[in-house]
Amino acid sequence: MRIERIELKNFRSFESRTFELSPSFNVLIGDNGTGKTAILDALSIGAGAIFLGLEGASPPGIHRDDVRQVAHGLGEVPTLEARYPAAVTCVGSIGRKRMEWTRTLDGPNKHTTHGGASELSRLSGSLNAQVRAGKSVTLPLVSYYGTGRLWLQRRARRSLASDGARVLRPGSRLRGYQGCLDPSSDHKGFVSWFKTMELIQLQSGRRLGTLDAVKRSIRKCLRGWREVRYDFRLGALVARGKQAQLPFDLLSDGVRNILAMVGDIAYRAATLNPHLREEAPRKTPGIILIDELDLHLHPLWQREVVDDLRSVFPAMQFVATTHSPFIIQSLRKHELINLDDRSRETLPSRSIEDIAEEVMGVELPQRSHRHQEMMAAAREYYAALEEAKGASGKELKVLKRKLDALSAPFSDDVAYHAFLEMERSAAKLPGDKK
């Protein structure tokens with residue numbers, strides 16, 4: 001499954017906007033409030049239309065809160081009025097079938113329409129029938145990982161990392177879709193699947209290719225850790241490195257973030273497409289949405305995470321948001337969507353300073369903001385000092401107050417503050433202490 005283009009009308013802050021997507025990786029950047037998460041939410045509505053004909057997950061719809069609000073100032077107090085219809089239109093493909101589908105919300109008391117996605121609904125209904133008949137049809141994965149994913153892991157640590165994980169009974173392949181488009185999913189399904197597969201492997205006395213494939217996917221993305229397994233003595237999911245073995249709840253936020261996310265994608269792929277066996281993570285197609293890909297990751301890891309995900313899940317299409325110049329640096333041509341300026345592109349050959357300044361709009365990124373403030377204050381201080389040398393009376397008093405105000409914010413930097421005071425003392429302004 002791929003989405004080549006998505007068009008938004010009256011959706012959140014977008015009156016009308018179209019975005020072209022690359023087939024492998026897409027990263028959205030922009031100031032806070034520019035609509036990065038809104039685009040991910042719209043994509044979940046568009047891609048989630050596949051569930052119109054599938055069992056196991058409910059297709060997300062357009063809610064009243066998603067409808068664009070327009071302010072009117074007819075009276076003393078402004079009013080907000082919703083603009084209908086709100087619509088999400090996608091152009092994409094499932095397998096070799098290319099199609100266009102639309103979902104709309106036409107009014108405040110309406111439900112999200114299905115008619116514009118009838119072709120997609122029929123196709124997914126056919127997939128559902130083949131699954132029920134036991135056919136080896138490959139199902140696409142659609143999954144969403146929001147910024148609340150780590151907070152929910154903390155809240156549910158006992159159920160994620162300990163014997164709160166249940167052993168799964170045999171069930172439909174379609175349960176791989178359960179909770180997949182809930183951006184605040186806590187990944188308990190992944191831990192339960194892992195525990196169940198470890199038990200089956202122990203009882204059967206043979207290695208399971210599917211379990212090995214999921215472990216291999218995690219290991220490739222989890223740099224510095226050799227293995228992830230369910231330890232029945234500890235009753236917990238554990239990661240083993242060169243020097244230590246730690247249960248899930250004692251791992252760093254960055255490691256838990258990657259482990260849970262990669263593990264969740266891999267186990268869902270294996271559940272949806274068991275006929276692919278150890279190739280399930282590599283050959284399962286789909287769309288993965290990730291809000292803040294750099295969440296809690298060290299800069300060294302930020303530079304590698306895109307290539308790791310691209311390598312482990314080559315058939316997936318990723319759409320993610322970030323504020324990290326290191327992630328932007330790892331992208332290929334046409335994989336960056338800059339909501340601040342659509343003309344700004346990036347290439348792997350650009351330096352971090354170039355990306356921060358030219359792509360992300362950060363002024364003088366090679367210098368700290370504090371340093372820039374100090375330099376600006378020093379220039380203004382010298383200009384005021386020169387002006388004060390020839391001033392008198394009220395003008396001199398005003399300039400002296402300005403000099404005090406310019407140096408005061410930097411009183412904690414003893415050397416800088418002392419230098420300014422020495423320059424002022426050397427100017428011998430009337431009324432200053434000698």
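A short tour of the structure in this document, coming up. (Residues numbered from 1 in each chain as written. Predicted model: local features only at pLDDT ≥ 70, side-chain atom pairs only at ≥ 80, totals over all residues. Heavy atoms only, no water.)

## Some details on the overall build of the protein
Put simply, the test is: A run of DSSP states H or I qualifies as a helix once it reaches four residues; a run of E qualifies as a strand once it reaches two. Both are numbered from the N-terminal end. Buried means the residue's accessible area, taken with a 1.4 Å probe over protein chains only, is under 20% of the maximum for its type, while exposed means over 50%, and partly exposed covers the values in between. Here, two residues are considered to be in contact whenever any of their heavy atoms come within 4.5 Å of each other. Per-residue and other accessible areas follow the Shrake-Rupley method at a 1.4 Å probe size, with only the shown protein chains counted as cover for residues.
Along the backbone of the protein there are 15 helices and 14 strands. Looking at the protein residue by residue over its 434 residues, the buried ones come to 49%. Taking the intrachain contacts of the protein between residues at least 6 apart in sequence as the baseline, contacts between residues at least 24 apart amount to 66%. Per element, the accessible surface of the protein, about 21,400 Å² overall, is 50% carbon and sulfur.

## Comments concerning the layout of surface pockets
Stated precisely, the cut-off is as follows: Any residue with an atom within 4 Å of a point lines the site, the site being either a cavity, points on a 1 Å grid over the protein atoms alone where a 1.4 Å probe fits but cannot get out, or a pocket, an open set with protein on both sides within 12 Å along at least 5 of 7 lines. Grid points are joined across faces, edges and corners, and a volume is the space filled by probe spheres set on the points. The residue classification treats Ala, Val, Leu, Ile, Met, Phe, Trp, Tyr, Cys and Pro as nonpolar and Asp, Glu, Lys and Arg as charged. All others, Gly included, are polar.
Its volume calculated, the largest pocket comes out at about 480 Å³. Contributing to the lining of the largest pocket are 19 residues, with Arg 175, Trp 193, Met 197, Ile 200 and Pro 274 lying nearest its centre. Element by element, the count of residues in the lining of the largest pocket is highest for helix 5 (residues 188–204), at five residues. Tallied by class, the residues present in the lining of the largest pocket amount to ten nonpolar, five polar and four charged.

## Brief notes about the pairing of strand 5 (residues 79–82)
Threshold: Think of it this way: DSSP has to see at least two bridges between two strands before they count as a pair.
With four bridges joining them, strand 4 (residues 69–72) and strand 5 adopt antiparallel strand pairing. Paired with Val 70 across the strands is Glu 81, a residue of strand 5. In textbook terms, the turn of a hairpin is the stretch between consecutive antiparallel strands, and for strand 4 and strand 5 this stretch comprises six residues.

## Describing the sheet that holds strand 2 (residues 14–20)
The cut-off we apply is this: All axes are obtained by fitting lines to C-alpha atoms, using only the stretch in contact for helices, and the reported angles, taken between N-to-C directions, cover 0 to 180 degrees.
Spatially, four strands are ordered 2-1-6-7 in an open sheet, and the strand pairing comes out antiparallel. Of all the strands in the sheet, just strand 2 and strand 7 (97–105) have a single pairing partner and so form its edges. In this sheet, neighbouring strand axes are inclined to one another by 10 degrees on average, regardless of whether the strands run parallel or antiparallel. Here six bridges tie strand 1 (residues 2–11) to strand 2, and the two strands are oriented antiparallel to one another.

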